[in-house]
Amino acid sequence: DKGVYDGWTSQYPGYASSALVDFQFYYPDEVNIVAQQKAYIQAYVDSFENAVVSPSFLDSAGNHYSEFIDLRSFVDNFLLNELSKNVDAYRLSAYFYKDRDSLGGKITASPFWDFNLAFANADYCGGEDSTGWEYYQCAGPGPFPSPFWWDAMLGDTMFVNALRCRWDSLRQTIFHADTINAYIDSMETYLMESQTRNFLRWPVMGIYL
């Protein structure tokens, strides 16, 4: 979203938007990336998008969109950003990487980052609302649209089944309410002294920033 890196523009508009999605190279950066790498990754993402936008979820060569991505990472990306109601998710603070083919070679939706405006710390895009889907609450006109991918994949039984299975599994472990509450309590104890010093130095508690 910062517009400081070299990259390319998707051939498709974002979800519920007429604006196209911009991709940027981070590593290798614009100084070190070579033309062949640029052309390769753009063509690879184009093929993935061609497949996921198709009613059959297949590209012109008959490849299913799941052949281009690490499906688990896209499922986890969706669940974590929805659980936290992260208003910067999907459309802004989104990293993706692709290993070389010998290491699997698929697009991975990771690493996860930038949650300072998550967990109800924003009063727009539905960030303050504990209900609803963040992906859809932050869609529409604007300069930074979300990729259409997740809306398309939510219409695919494979993705929905993977989402449900992963959710059911995580709810038994790290997404269980008891686990989450225990983690919050542990962080409260861990940060007790430092948060006091923080707000003495920056007295912003209760002030709209």
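Our structure's up above, just so we're on the same page.
Residues numbered from 1 in each chain as written. Predicted model: local features only at pLDDT ≥ 70, side-chain atom pairs only at ≥ 80, totals over all residues. Heavy atoms only, no water.

(A) Focus on the state of the cysteines. Inspection of every chain in the model, using the stated rule, returns one disulfide. A sulfur-sulfur separation of 1.9 Å characterises the disulfide bridge that pairs Cys125 with Cys138. An S-S torsion of about 55° defines the bridge between Cys125 and Cys138 as right-handed. With Cys125 in the loop between β4 (107-108) and α3 (134-137) and Cys138 in the loop between α3 and α4 (149-153), the pair connects residues that are 13 residues apart, well separated along the chain. (Disulfide = S-S within 2.5 Å. Helix = DSSP H or I, 4+ residues; strand = E, 2+ residues; numbered from the N terminus.)

(B) Main features of the pairing of strand β1 (residues 7-13). Pairing geometry for β1 and strand β2 (residues 20-24), over four bridges, is antiparallel. Bridge pairing in β2 links Thr9 to Asp22. (Pairing = 2+ DSSP bridges.)

(C) Structural detail: the packing of aromatic side chains. One pass over the full model with this rule turns up 25 aromatic pairs. An angle of 85° between the planes, with centres 5.1 Å apart, marks the rings of Tyr90 and Tyr135 as edge-to-face. Of this pair, Tyr90 sits in the loop between α2 (71-84) and β3 (97-98) while Tyr135 sits in helix α3, placing them 45 residues apart in sequence. Accessibility assignment for this pair places Tyr90 and Tyr135 in one class, buried. For the pair Tyr90 and Trp150, a centre-to-centre distance of 5.1 Å together with 65° between the ring planes defines the contact as edge-to-face. Linking Tyr90 in the loop between α2 and β3 with Trp150 in helix α4, this pair joins segments that are 60 residues apart in sequence. For Trp150, a relative accessible area of 1% gives the class buried. Positioned over the ring face of Tyr44 is Lys98, at 4.7 Å from the centre of the ring. (Phe/Tyr/Trp six-rings, centres within 6.5 Å; stacked < 30°, edge-to-face > 60°. Buried < 20%, exposed > 50% of the residue type's maximum accessible area, 1.4 Å probe, protein only. Lys NZ or Arg CZ within 6 Å of the ring centre and 35° of its normal.)

(D) View of the pattern of salt bridges. All chains considered together, the criterion is met by five salt bridges. Measuring nitrogen to oxygen at the nearest pair gives 3.1 Å for the salt bridge that ties Asp101 to Lys98. Exposure remark for Asp101: the relative accessible area of 56% places this residue in the exposed category. For the salt bridge of Arg197 with Glu193, the shortest nitrogen-to-oxygen distance reads 2.7 Å. Linking Arg197 with Glu193, this pair stays in helix α6 (residues 177-201), spanning four residues, or about one helical turn. (Salt bridge = Lys/Arg side-chain N within 4 Å of Asp/Glu carboxyl O.)

Read these as geometric descriptors, not functional statements.
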